[in-house]
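Residue strings, one per chain:
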Amino acid sequence: MEQQTPPLLFILLLCTLSANSSFQPALVLEMAKILLENYCFHENLVGMQEAIQQAITSGEILQISDRKTLATVLTVGVQGALNDPRLTVSYEPNFVPVTPPMLPSLPIEQLIRLVRNSVKLEILENNVGYLRIDRIIGEETAAKLGSLLRDNIWDKVALTSSLILDLRYSTTGQLSGVPFIISYFSDPEPLIHIDTVYDRPSNTTMELWTMPSVKGERYGKKKDVIILTSKRTVGAAEAVAYTLKNLKRAIIVGERSAGGSVKVKKIRIGGSEFYITVPVARSVSPITGQSWEVSGVSPTVNIIAKEAVAKAKSLLAIRSAIPNIVKSISDIIGRLYAFTDRVPALQQQLQSTDLFSVTSEEDLAVRLNQDLQTVSEDPRLIIKYMQDNGAIVEEDPELYKVPDDPELLRALVDTTFKVEILPGNTGYLRFDKFVESPAVTKLEEVMAKTVWEPLKDTKNLIIDLRYNTGGCSTFLALILSYLQDTSQKHHFFTIYDRIQNTTTEYYSRTQITGPTYGSKRGVYVLTSYYTASVGEEFAYLIQSLHRGTVIGEITSGTLMHSKMFQVEGTDLAITVPFINFIDNNGECWLGGGVVPDAIVLAEEAVDHVHDISDFHQGLRSLMEGTGELLEKHYAIHEVALKVSKVLLSKWVEGMYWSVVDFESLASQLTTDLQEASGDHRLHVFHCDVEPELLHDVAKIPTAEEVGYIIDALFKIELLPGNVGYLRFDMMADIEVLRAIGPQLIKLVWSKITNTDALIIDMRYNTGGYSTAIPLLCTYFFDAEPLLHLYTIFDRTTTTMTEIMTLPQVRGQRYGSSRDVYILTSHMTGSAAEVFTRTMKDLNRATIVGEPTIGGSLSSGTYQIRDSVLYASIPNQVVLSAITGKVWSVSGVEPHVVAQASDALHVAQRLIAGKLLKREHGE
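Since we're looking at a predicted model, the values are computed, not measured. (Residues numbered from 1 in each chain as written. Predicted model: local features only at pLDDT ≥ 70, side-chain atom pairs only at ≥ 80, totals over all residues. Heavy atoms only, no water.)

Caption draft 1: Representation of the overall build of the chain in the model. Counting its regular elements, the chain contains 25 helices and 38 strands. Here the chain holds 922 residues, and 51% of them are scored as buried. A separation threshold of at least 6 residues defines the contact pool for the chain, and within that pool the share at least 24 residues apart is 76%. By element, 52% of the accessible surface of the chain is carried by carbon and sulfur atoms, the whole surface being about 43000 Å². (Helix = DSSP H or I, 4+ residues; strand = E, 2+ residues; numbered from the N terminus. Buried < 20%, exposed > 50% of the residue type's maximum accessible area, 1.4 Å probe, protein only. Contact = heavy atoms within 4.5 Å. Areas by Shrake-Rupley, 256 points an atom, 1.4 Å probe, with all protein chains shown as cover.)

Pasting the structure below:
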């Protein structure tokens, strides 16, 4: 039970007493003493007595003359401060304590009569046991009556198929009898720790465990047990209900129990006629870490007590059917589910699912559906609770069949297909269902004349599926064949039918009647929320085959390739995908709606087609322009040539039909450039205003700005062990460094040059200017000989430049003998990486932290033709002074890998460890 901090209790309590007369402070002190010695949450009373004495001394206690009013005030104060409603103070001048007789001391005949009056057993319909216990007898009494209880109760209970344990009228009992009952509903091994009881007066703790042996046969853990509770259920009965519920051995039906106590005492306060009722023991469940005391036991199924038996019976009827329901569902999945490789795992999950707390068919549906979805990762496999079985209706395939009669066939095509030529020579084709015809040749002939002949010379084609609710999948291949070149065979999709156990592959038709539309012109498929079933398949395939652009609203998402089956004798229905629709890339489409390339309102889709088709007209020029920039500026020319060819090839293959504006084009180009080159630094972005150059000529600071710049850029510290710490978060330009050189030497460098080791923190340095790198490196090497740091190849100027250390620097060098540690993170980039890699390449520093970002030493920003697209292209590569090879673009790998947040501490430990080795002469 949650408690509050105490002594405030009595300060608050004493200050609330109203003024008038003869109350003695000793009464409160006696009450405090009783609580300290008896209250089960004694830890909440620390400092209470001292607080009361201080309140008395300071005159805070005011007096009340009426005894009953005083008792009420004391009760309110003590309950409020300790948050425990069981604590009560009463004024009872005529109170006579009554001690009930201990049951074990009663004659055996009385014990038998008492048990028979408090225990009732019936066997109900369907072999359901009904056991009512109105009193929980203690361990000693149970031991005395062991044979009687075994023969008349437990052996009879053991033969039942399920049990209702009625504790609605159980208002008394002993906690020592709880393990006796719990043990009948658990296994002999392992023993279960079910309760811990702390007794304050004796300051002892007792643990309650299940028993290794019981008289008679155990009920075990397999059969259903339902416990009935009411507002009157109290004490030991609550302990039974709470324990079996949290052991997941019983379902509680009824009302929240009373929330009693393990043990309470009414104790006289000193020699007065005031009494305080105190909970002297407390229970803590090792299963939950909490207790049933005060709060009671909450039912699994909340219902008024008088209706609990009827509810329990109906609940047992539902639970008795669960094994057969689960078996039926398992059988349906085994026979019909299209992903046959997932069936064993699903059936295993069904067998092992914990259904202990299931209390209704609706609850069972939710639980099984959640488990099946998790294991199958297939949103089409669904279990639902459906009281209206009329909702299970299968679509009639006859709706989509067309007649063989030529006249009727021609009339159907005329009414099904709507063909127009829109402004700008854009073809328009609308059909609201995918028909099926055994006379395919005749259907083709009619369509060739009615549909494809009028559309053959249009510039682009709109296929309007906004009102298409489905039809026959076999018609897909025919329509798609007209949108491909007949020079080669195209694989469209594959259908696996589990019921028929057939796999059918659908290819383009090499010979078709009438003119084809081919694969070069634009195809724009319009969708809406009403587009469903096979209409969704068509839109999906247009994207998967990279044959066109889908414009409009997300489709209905009703295509499941599934059948719904009623689970016999229940209101449960299972939807099982029996067909797998596999696209040309080998991916199984699980339905769920097609997301258009351009999401717009359905009624505005036609207008957007014209804008997007105009945009597509300029795509080739932009692709070629991107390739030309790469070939001219990208640092590695052979890679640029390869990537340029890849981009054009992707455009030819239709990979860019899904691009509908400059933003999506920039994103797709970036993805393709990085994928083809392996260089994540290549980037295309959209910008309506010409971007500023990233590396303008640096501004030389004024004398007044120098101090501010040094404070902003550099942070120094002297760490324990004479270790210098230098952090700077930007690589400044060489001209700026020269301008601030004297002040920089004085305020920063001179303070760390005499350290024994130096930590350079580059974790937050994202780059900047590379011109100062040689100067920075020079400080960490001797003056002679000059060292080759690295070589830069600039693609734009086609020049190679060897970067060397400088012969002279301002101030004192750090030299080449003292240890240097550089800290890195995933943010460390650009020029900061070049410095770090140079120091690592020349074995001058130990790198500690995370791999760096892999940024570019220099990138140029170039406009792609005259568009609003710009390409950021690395135009320099750095060659190692040691190997002569190009440095990797993947970033610098640290010598010691550590989280960026831990890197400084790791470096300090490395320095300390090295110092310790030197001291020991290692």
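Caption draft 2: Representation of the pattern of salt bridges. Under the defined criterion, the tally for this structure stands at 26 salt bridges. Between Arg 380 and Asp 378 there is a salt bridge, with its nearest N and O atoms 3.0 Å apart. As far as the burial class goes, Arg 380 and Asp 378 line up, both buried. Among the salt bridges present, the one from Arg 466 reaches Asp 464, with a minimum N-O distance of 2.7 Å. When sorted by exposure, Arg 466 lands in the same class as Asp 464, which is buried. (Salt bridge = Lys/Arg side-chain N within 4 Å of Asp/Glu carboxyl O.)

Caption draft 3: Focus on the sheet that holds strand S22 (residues 562-566). Taken together, the 3 strands give an open sheet; going across it, the order is S14-S23-S22, and neighbouring strands pair in antiparallel fashion. Each edge of the sheet is formed by a strand with only one pairing partner; in this case those strands are strand S14 (382-385) and S22. Pairs of neighbouring strands in the sheet enclose a mean axial angle of 20°, with direction left out of account. Relative to strand S23 (residues 572-577), helix H10 (residues 308-336) is tilted by about 20°, and along the sheet it contacts S14, S22 and S23. Strands S14 and S23 of the sheet are contacted by helix H12 (residues 361-376), whose axis makes an angle of about 170° with S14. (Pairing = 2+ DSSP bridges. Axes fitted to C-alpha atoms, helices over the stretch in contact; angles between N-to-C directions.)

Caption draft 4: Region of interest: the nonpolar core. Phe 780 and Phe 835 are the most contacted members of the largest nonpolar core, which totals 47 residues. Discounting chain neighbours no more than four positions away, the residues touching Phe 835 are Met 731, Ile 760, Met 762, Ile 773, Leu 776, Cys 777, Phe 780 and Ile 822. Core analysis: the next-biggest nonpolar cluster, separate from the first, contains 46 residues, Leu 429, Leu 455, Leu 541 and Phe 578 among them. (Core = buried A, V, L, I, M, F, W, Y, C linked by side-chain atoms within 4.5 Å.)

Caption draft 5: View of the sheet that holds strand S33 (residues 819-824). An order of S28-S29-S30-S33-S34-S38 is seen for the 6 strands of this open sheet, with the pairing classed as mixed. At either end of the open sheet lies a strand with only one pairing partner, and these are strand S28 (714-719) and strand S38 (896-897). Summarising the sheet, strand S29 (residues 723-728) and strand S30 (residues 757-761) pair through 5 bridges and their orientation is parallel. In the sheet register, Leu 726 faces S30, and the bridge partner there is Ile 760.

Caption draft 6: Just helix H15 (residues 474-481), in detail. Of all 8 residues in H15, 7 are buried, a share of seventy percent or more. Residues of H15 that are buried include every one of Phe 475, Leu 476, Ala 477, Leu 478, Ile 479, Leu 480 and Ser 481, and no others.

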